[in-house]
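Structural characterization, general
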Amino acid sequence: MRHEVRLAALLEARRQERRYRTRRVIDSPSGPERVVDGRPCLTFCSNDYLGLANHPQVVAAFRRGADEYGCGSGAAHLICGHQRPHHALEEELAEFTGRSRALLFSTGYMANLGTISTLAQRGDVVFEDRLNHASLLDGGLLSGARLQRYRHNDALDLAGKLEASRADVRLVVTDGVFSMDGDIADLPALVQTTQAREACLMVDDAHGLGVLGERGGGVVEHFALSQQQVPVLMGTLGKALGSFGAFVAGSEVLIEGLIQSARSYIYTTAMPAANAEATRASLRIARAETWRREKLRALIAQFRAGAEQLGYQLLQSETPIQPILLGDCERANRLSVGLLEAGLLVSAIRPPTVPEGSARLRVTLSALHSEAQVNRLLAALEGLR
Ligand SMILES: *Cc1c(COP(=O)(O)O)cnc(C)c1O
């Protein structure tokens, strides 16, 4: 069978390049201490930054939601799957982000595909940061617009490319916090650049929401940016908010346009109402409990100081994403295997997820990590230098 011949060749190539990916089986909820492939492990690889995925109040809200609404929503939002908890969560997310309205999507990947392909079409141009998340690039490709990538976090490079374009719609798309590097997008510069040229700015704040800003409002709260300045804001619920799903927030016209046209919104089953109830509970905790963000800041400072002292190369990141740059895949794999032998799980990130020659360990911190646990990671890193 031709397709299997081709797949087998791909598998062999992946093995040769040391890029073959495998999955580990976890026997415990999200949290620092987990059972990985049957062994207890201290983990530094989750996006559950605030430690809410297994919070008792969030779990209880999920359970109550299931008691009241059952397991599945039964249909897409536009058919008969849009239940009261979905609607309430949308209103709370709009209020939280300071936007007119918000719209739930079943995943962040789908939110990006549906939003970009609704906003841009053939004849338009979508401008994307070189380090944008894969779902943003895929959204650009799906839209049929021309895709132009600008230098990472470089508003000047973007300005030049915008100047050269005569397209009707010019959509600029960026991660708020870059998922593999942990740095924060220079949104004030991007806002200025897009507003001066009447381009539209879309920000994917998957890793900033809950983490950045005094109340956890994410990168737009961090820089105090209004709906007019960032007209299209996307956030995910499966990371700092500890549940599952995503949303897009913005104007009335934007949200109604997405409801009418975003195919990944229309042609898919609504998330379970219980999941929306769990998210409402985690949103309340994320806003109120500022200690989680303060604790993260302290752990980030502790990790950075320790790792730099050991001579490891870190990136410019003030977020819980703290990559250790290693260069080649071999070295990244070796370090991650060494850490696993010491009972620590940190994922090695290799091309094509990151650019060639920039393989890394992606350390992520959570408010539930202790100072002692970060010291354990640093001690293991010392032994593997
Ligand atoms: C995780 C992530 C997504 C996808 O969100 P899911 O809800 O996991 O599908 C989109 N954008 C960025 C930047 C992400 O990190």
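Residues numbered from 1 in each chain as written. Predicted model: local features only at pLDDT ≥ 70, side-chain atom pairs only at ≥ 80, totals over all residues. Heavy atoms only, no water.

**Things to note about the nonpolar core**
Inclusion rule: In this text, buried Ala, Val, Leu, Ile, Met, Phe, Trp, Tyr and Cys residues form a nonpolar core when linked through side-chain atoms within 4.5 Å. Buried means the residue's accessible area, taken with a 1.4 Å probe over protein chains only, is under 20% of the maximum for its type, while exposed means over 50%, and partly exposed covers the values in between. What makes two residues a contact is simply this: any of their non-hydrogen atoms within 4.5 Å.
Core analysis: the biggest nonpolar cluster contains 80 residues, and F44, F303, I324, L365 and L381 have the highest contact counts within it. The residues contacting F44, other than those within four sequence positions of it, are L344, L345, V346, R362, V363, T364, L365, H369, Q373, V374 and L377. Formed by 22 residues, the second largest nonpolar core is a distinct cluster that contains I116, L136, L258 and I259.

**Observations regarding the side chain of T115**
We count it as follows: Put simply, DSSP H or I for four residues or longer makes a helix, DSSP E for two residues or longer makes a strand, and each gets a number counted from the N terminus.
Inspection of the secondary structure assignment puts T115 in helix α5 (residues 108-119). Discounting chain neighbours no more than four positions away, the residues touching T115 are F105, M202, V232, V248 and L258.

**A few points about the sheet that holds strand β14 (residues 359-364)**
Applicable threshold: At least two bridges found by DSSP between two strands is the condition for calling them paired.
Across the sheet, 4 strands lie side by side as β10-β11-β14-β13; this open sheet has antiparallel pairing. Every other strand in the sheet has two partners, leaving β10 (313-314) and β13 (347-349) as the edge strands with one partner each. In the sheet, β10 pairs with strand β11 (residues 321-327) via 2 bridges, with the strands oriented antiparallel. Residue pairing in the sheet places Q313 in a bridge with L325 of β11.

**With respect to the pairing of β14**
Burial of β14 is extensive: 6 of the 6 residues sit out of reach of the surface. The two faces of β14 match: A359, L361 and V363 on one face and R360, R362 and T364 on the other face are all buried. As paired elements, β11 and β14 share 6 bridges and run antiparallel to each other. Across the sheet, residue G327 finds its bridge partner in β14, namely A359. Two elements, β13 and β14, share 3 bridges in a ladder whose sense is antiparallel. Across the sheet, residue A348 finds its bridge partner in β14, namely L361.

**What about the side chain of S366?**
Going by this rule: Under the rule applied, a polar contact is a pair of N or O atoms within 3.5 Å (in protein, one hydrogen donor and one hydrogen acceptor; residues adjacent in sequence only if both atoms are side-chain atoms).
Assignment of secondary structure puts S366 in the loop between β14 and α15 (371-383). For S366, a relative accessible area of 10% translates into the label buried. Polar contacts involving the side chain of S366 include one to the main-chain amide nitrogen of L368, which spans 2.9 Å. When near neighbours in sequence (up to four residues on either side) are disregarded, S366 contacts D48, Y49, G51, L296 and L299.

**A few points about the sheet that holds strand β7 (residues 200-204)**
Selection criterion: Each axis is a line fitted through C-alpha atoms, and for a helix only the stretch in contact is used; angles between axes span 0 to 180 degrees, taken between their N-to-C directions.
With mixed pairing, the 7 strands of this open sheet are ordered in space as β3-β9-β8-β7-β6-β4-β5. Two strands close off the open sheet at either side, each with one partner strand: β3 (101-105) and β5 (146-150). Along the sheet, successive strands turn relative to each other by an average axial angle of 20 degrees, direction set aside. In this sheet, β5 lies alongside strand β4 (residues 125-129) in parallel orientation, the contact comprising 5 bridges. From the neighbouring strand, F127 faces β5, where its bridge partner is Q148. Strands in contact with helix α7 (residues 155-163) are β4, β5 and β6 (170-175); relative to β5, the strand with the most contacts, it is inclined by about 150 degrees. Against the sheet, helix α8 (residues 187-196) touches β5, β6 and β7, its axis set at about 155 degrees to β7.

**What to know about the site of the ligand**
Worth spelling out the cut-off: The criterion for a residue being near a molecule or strand is simple. One of its heavy atoms has to lie within 4 Å of it. Note on areas: Shrake-Rupley with a 1.4 Å probe; residue coverage comes only from the protein chains shown. Asp, Glu, Lys and Arg are counted as charged, while Ala, Val, Leu, Ile, Met, Phe, Trp, Tyr, Cys and Pro are counted as nonpolar; the rest, among them Gly, fall into the polar class.
The full set close to the ligand counts 14 residues, and G108, Y109, D204, H207 and K239 are the nearest of them. H133 places a polar side-chain atom, nitrogen or oxygen, 3.4 Å from a nitrogen atom of the ligand. Protein coverage of the free-state accessible area of the ligand, which is 380 Å², stands at 82%. Of the residues contributing to the shell around the ligand, the split by class is 2 nonpolar, 9 polar and 3 charged.

**Description of the state of the cysteines**
Using the following cut-off: A pair of sulfur atoms, both from cysteines and within 2.5 Å, is called a disulfide here.
Here the structure, examined in full by the defined rule, presents 0 disulfides. The closest cysteine sulfur to the non-disulfide-bonded C80 is located on C71, 17 Å from its own sulfur. Looking at C80, the relative accessible area reads 59%, which means it is exposed.

**Digging into the pattern of salt bridges**
Our working definition: Throughout this description, the term salt bridge denotes a Lys or Arg side-chain nitrogen within 4 Å of a carboxyl oxygen of Asp or Glu.
Following the criterion strictly, the structure yields 15 salt bridges and no others. Here R197 and E163 are joined by a salt bridge, their closest N and O atoms 2.6 Å apart. With R197 in the loop between α8 and β7 and E163 in helix α7, the pair connects residues that are 34 residues apart, well separated along the chain. Using a relative accessible area of 22% as the deciding quantity, one classes R197 as partly exposed. The exposure class assigned to E163 is partly exposed, which follows from its relative accessible area of 45%. The partner of E308 in a salt bridge is R304, and the shortest N-O contact between them spans 3.6 Å. You can see E308 and its partner R304 sitting in helix α13 (residues 291-309), 4 residues apart, about one turn around the helix. By relative accessible area, E308 is classed as partly exposed at 44%. According to the relative accessible area criterion, R304 is buried, its value standing at 15%. Several salt bridges converge on common partners, so that one network encompasses E17, R19 and E356.

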